Each structure stands twice: as structure tokens, then as C-alpha cells.
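Fold and geometry: a report
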Amino acid sequence: MEQKIDKMDNTTAVRQQFIADIRQIINDARTNAVRSVDFCRVQMYWHLGKRILEEEQQGKARADYGKYLIKNLAKTIEPEYGSGFGVRQLEQARQFYRTYPIANTLRSQLNFGI
């Protein structure tokens, strides 16, 4: 009888470890997915800011042109991509690029290893 109880306890322990391993695999994958998405979003906003700033600097009246540029850009892309691409967000993307104009500096400042 003792042998049967030991065998059941062992089977239960193995099953519990198996389930714990599966949970860990899922949790690790979810965590990595979130990090990847976060990094991709940071890159996207950095590139948006860079491109907006480059376009603004081609104009002679930078401040006025910049205002209209961002307003018109938001008006064009916001219906397609949603509220995350409104005037305020595009201005913040531009400021983000101004703050971190060198991509390698951005990676080290934000602790991205990719």
C-alpha cells in the first residue's frame, strides 16, 4: 500500500512540475512579446519624429511650416491609424527624436538590448 501512495505522490509531483513548466513557457513568451512590441513602438516613434523634423527643416519658416505640417499629417493619417497619431502624439514623437537624436544613445538610455 505504501508503494502505491509513493507512486501516486510522485505522479502528482511530476504532473505539477509539468504544469509549472508550461506556465513558465507561456509567461516568458508573453513577457518577451510585450518587450518586443514596446521596443518596436519606441523605434516607430523615433523614426516618425526624425522624419517630421527632417521635413520641417526643409522649409524656410520652420515654426509655421512645422505647425501646418503636423496638423495636416495628423488629419491625413489619424483616420487610418487611430487617435495615437493625432497632433499631440506627432509633436511628442518629434520632441522624442530631438531628445534622443542618436539611436544608439536611445537604446542605452532605455535599456533595450536589441
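Overview of the structure. (Residues numbered from 1 in each chain as written. Predicted model: local features only at pLDDT ≥ 70, side-chain atom pairs only at ≥ 80, totals over all residues. Heavy atoms only, no water.)

Judged by nonpolar contacts, Ile52, Leu69, Ile70, Ala74, Ile77, Phe85 and Leu90 together constitute the single largest core of 7 residues. Look past the residues within four positions of Ile52 in its chain and what remains in contact with it is Leu69, Ile70, Leu73, Leu90 and Arg94. If you look at the next biggest cluster of nonpolar residues, it comprises 5 residues, including Trp46, Leu53, Tyr97 and Leu106. (Core = buried A, V, L, I, M, F, W, Y, C linked by side-chain atoms within 4.5 Å. Buried < 20%, exposed > 50% of the residue type's maximum accessible area, 1.4 Å probe, protein only. Contact = heavy atoms within 4.5 Å.)

Enumeration over the complete set of coordinates arrives at 4 salt bridges. Here Arg51 ties to Glu55 by a salt bridge, and the two come within 3.3 Å at their closest N and O atoms. One end of the pair, Arg51, and the other, Glu55, are both in helix α1 (residues 2-58), 4 residues apart, so they sit about a helical turn from each other. Judged by its relative accessible area of 22%, Glu55 is partly exposed. For Glu56, the salt bridge identified is with Arg98, shortest N-O distance 4.0 Å. With Glu56 in helix α1 and Arg98 in helix α3 (residues 87-99), the pair connects residues that are 42 residues apart, well separated along the chain. Residues joined in a network through salt bridges with shared partners are Glu56, Arg94 and Arg98. (Salt bridge = Lys/Arg side-chain N within 4 Å of Asp/Glu carboxyl O. Helix = DSSP H or I, 4+ residues; strand = E, 2+ residues; numbered from the N terminus.)

Next up on the list: α3. End to end, α3 covers 18 Å across 13 residues, agreeing with the expected 18 Å (1.5 Å per residue, within 8%). Among the residues of α3, Leu90, Ala93, Arg94 and Tyr97 are the ones counted as buried. Projected down its long axis, α3 carries its buried residues within an arc of 95°, all on one side. (Expected span 1.5 Å × (residues − 1). Arc of directions from axis to C-beta.)

With that out of the way, let us pick up the environment of Asp21. Here Asp21 is to be found in helix α1. Of the polar contacts made by the side chain of Asp21, one reaches the side chain of Gln17; its length is 2.6 Å. (Polar contact = N/O pair within 3.5 Å; in protein donor to acceptor, adjacent residues only side chain to side chain.)

This part is about the side chain of Glu56. Classification of Glu56 as buried rests on a relative accessible area of 4%. A distance of 2.4 Å separates the side chain of Glu56 from the side chain of Arg94, its partner in a polar contact.

Before going further, it helps to examine the packing of aromatic side chains. As enumerated under the stated definition, the model contains 4 aromatic pairs in all. With a centroid separation of 5.9 Å and 65° between ring planes, the pair formed by Tyr81 and Phe85 is classed as edge-to-face. Classification of Phe85 as buried rests on a relative accessible area of 14%. An aromatic cluster of at least three residues, connected via ring pairs, comprises Tyr45, Tyr81 and Phe85. (Phe/Tyr/Trp six-rings, centres within 6.5 Å; stacked < 30°, edge-to-face > 60°.)

This next bit is on a nonpolar patch on the surface. Taken together, the side chains of Phe18, Ile22, Ile25 and Ile26 present a nonpolar region at the surface, about 380 Å² in accessible area. Exposure remark for Phe18: the relative accessible area of 51% places this residue in the exposed category. (Patch = residues over 30% accessible without salt bridge, like charges linked within 9 Å, V, L, I, M, F, W, Y side chains within 5 Å. Areas by Shrake-Rupley, 256 points an atom, 1.4 Å probe, with all protein chains shown as cover.)

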